[in-house]
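Next come the chains, spelled out residue by residue.
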Amino acid sequence: MTVLGVHVVQGPRDKYGDFLKQLADAGKHVVVYALDDPAPLREAKEVLGDAAALTVLRYDKLRDADGEQQDLQGVNPERFGHDAAAAARHYMDRCLPVWEDHRDAADFFGTTNEWSNFSPFQHAFHAACMDIAEARGFKLALYAFSSGNPPEEFVGEDFVANCRRMKARGHVLSVHEYGLVESGRLRDGVPFHAQRVAHLYQAVLAPRAADPDCIVTEFAFGGGLYDPDTFLDNVRWYTENVLRRYSFIVGGTIFTLGNWQGGAANFQDKLIDLANYITSLPDAAPDDPLIQPPFVYPTVSQPPRAVERTASSFELGSPVRGIPFRITDPFDTPRPYANGKHEGIDIRCFDFVNNRAVEILAPADGTVVVARRDDTPERDYGNFVILKHRDGFFSLLAHLASMAVEAGQTVRRGDVLGVGGKTDADAIHLHLTLLHADGLTGYYTHPLSPVSRVLNPTPFFDPSLLEE
Ligand SMILES: [Zn+2]
C-alpha cells in the first residue's frame, strides 16, 4: 500500500493541521518529507500517531561550528580529493548533531538531493554514510534521484551492493518524479520516471535481493510548478496509474507546501481537496502497472572505470632501499583467497649480495594511517603499514619484519617504514596494494583500510624504475 502525503519546505502551511486531522479521523496513514524544518514532521507524528506518520527529514543547508553555511545538496569529489570516506565524515559531522535533536520527528534522514553523477564516488560516499549512520542508529533516505535518473552507467555492482544493504538495514531509496512533461500536465508526458525506476527494480534490483523500499519524495507535474486548476487531476492520475501499482513504492510526497520559489509552488489551498481524495482511496492497490517501461538497463557486471595515470598525477617511488626495483608477482594474478585475484604487486626486498632483507621506504609523501600486526582471522598481511597520500590515494605495504613508524606520523617519499620480511607469508617479499575511492571492486582489501577499492599500482611507479 502506497501512502500519500506532502513535501514541505519552510514557509506558510496554514491548512496543514486540518489536512492531518482529516487523515487521522479517517484512520489513514500519511508520509511527510520536510526540508530544513522538522516541525511539520513532529506535527504529523502528534496528530496521526507515530506509526501512522512516515516521516523523512533532509537538511539542505547547515552551518558549520564557525558559522559558515554548508550546501548539502551533493558533494563535489574534487573538494575531498576523491576520498569518499572523508567526504562522508565531513557531511555527517554536520548532519548528526542536528539529526540527534529530531530522532523523535523523523523516521528517515535524507542525505543528498538529485545528485546523480560521480559514479563510483557517490556509491562509496553513500556506503560510508551508511557506516556512520548505522553506528549511531539512524536510517537514511538515499540517492534522491531526479527525473530520468539514475543514468545507466550509474547502475553497477557497487550500486546494487548499496541497495542490498539498504534493504537489509532498513534504509529507503528516494526518487523524484516530475514526469518529463512539457505541457504542464504529468500524464501527457512519457516516459515516466517512476517507470524507469520500476524497471530498475524489476530488471536489476529485485532479482539480486537488492530492492529496498522506495519513497517518491517529490512528485508533481512538469517543472515542479503548481497550477491550481490541474493540481488534483494530476495527483490522481499519477497516484492511480503509477504510484499505487508498484509495490516497491511505499510512499509518495507531493511537492510542495511552503514558500518554495517565493510561494510559486504551494498547493495549500488544495490541501483539503487532497485530504478528501486520500481518504477516498481504497486500501487495496490496483492490479499490475498499466504501461511497461521502455528502458533497458545493462547487465550489472562491468567494474567501474579505474583511475588512470596521467602525466601530472600521483607517482610512486621505489619502496625498497639499495636494490633494483623488481616486481616478482604482478597485479591480478590468480589467488586462492577472496575474489581469486592478487590485489596488488609483490616486490623483491632481499639483498642477495649482503644476504639480508632491505629497508622498506614510503613510496610517496603521506600520513601513516595504520602500522600494526594483522590480527584479523585471515592474518594476510603480517606487519603492515597503510599510508594516506594526496588526491585520495592510499598504499598498503605488508609482511614487514619490523616497523619504524606509528599511526598519525607524517612521512616523505623515501622515509624508512621498517624492514622487509615474511610475517604471515611463506617467503621474504614486500606486498604493495594501491587503493583509491575510484578504483576497482572485487579485490580483497584489509578491513582496516579506509578505502576498499584497489588499483593496479604498476602504472603509477616512476617510469625509470620499470625500465631498470
Ligand atoms: Zn602480494
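In what follows, the accompanying structure is described. (Residues numbered from 1 in each chain as written. Predicted model: local features only at pLDDT ≥ 70, side-chain atom pairs only at ≥ 80, totals over all residues.)

Examining the packing of helix α1 (residues 16–25) against helix α8 (residues 271–280)
- One way to put it is that α1 packs onto α8 with a least axis distance of 9 Å and a crossing angle of 15 degrees. The angle between α1 and α8 falls in the class roughly parallel. Between α1 and α8 lies a crossing whose hand is right-handed. Contact residues: α1 offers Y16, D18, F19, Q22 and L23, while α8 offers L271, I272, L274, A275, I278 and T279.
- A per-class count over the contact of α1 with α8 returns eight nonpolar, two polar and one charged. (Axes fitted to C-alpha atoms, helices over the stretch in contact; angles between N-to-C directions. Helix = DSSP H or I, 4+ residues; strand = E, 2+ residues; numbered from the N terminus. Parallel < 35°, antiparallel > 145°, perpendicular 65-115°, else oblique. Left-handed = near helix turned anticlockwise from the far one by under 90°. Contact = placed C-beta atoms within 7 Å. Nonpolar A, V, L, I, M, F, W, Y, C, P; charged D, E, K, R; others polar.)

Brief notes about the sheet that holds strand β19 (residues 402–403)
- Within the open sheet, the three strands sit side by side as β15-β21-β19. Their pairing is antiparallel. Sheet topology places β15 (359–361) and β19 at the edges, where each strand pairs with a single neighbour.
- Note that β15 and strand β21 (residues 416–419) share three bridges and pair antiparallel. Its bridge partner lying in β21, E359 is registered against V419. (Pairing = 2+ DSSP bridges.)

Observations concerning the sheet that holds strand β10 (residues 249–257)
- Strand order in the closed barrel formed by eight strands is β1-β2-β3-β6-β7-β8-β9-β10, and the pairing between neighbours is parallel. On average, each strand axis in the sheet is tilted by 25 degrees relative to the strand beside it, whichever way the strands run.

Re helix α4 (residues 121–136)
- Taking 1.5 Å of rise per residue, the 16 residues of α4 would be expected to cover 22 Å, and the 23 Å separating its terminal C-alpha atoms lies within 8% of that figure.
- When we look at burial in α4, the residues that qualify are F121, Q122, H123, A124, F125, H126, A128, C129, M130 and A133.
- Taken together, the buried residues of α4 touch α3 (84–100), β7 (140–145), α5 (157–169) and β22 (430–440). (Expected span 1.5 Å × (residues − 1). Buried ≥ 20, exposed ≤ 12 C-beta atoms within 10 Å, placed from the backbone.)

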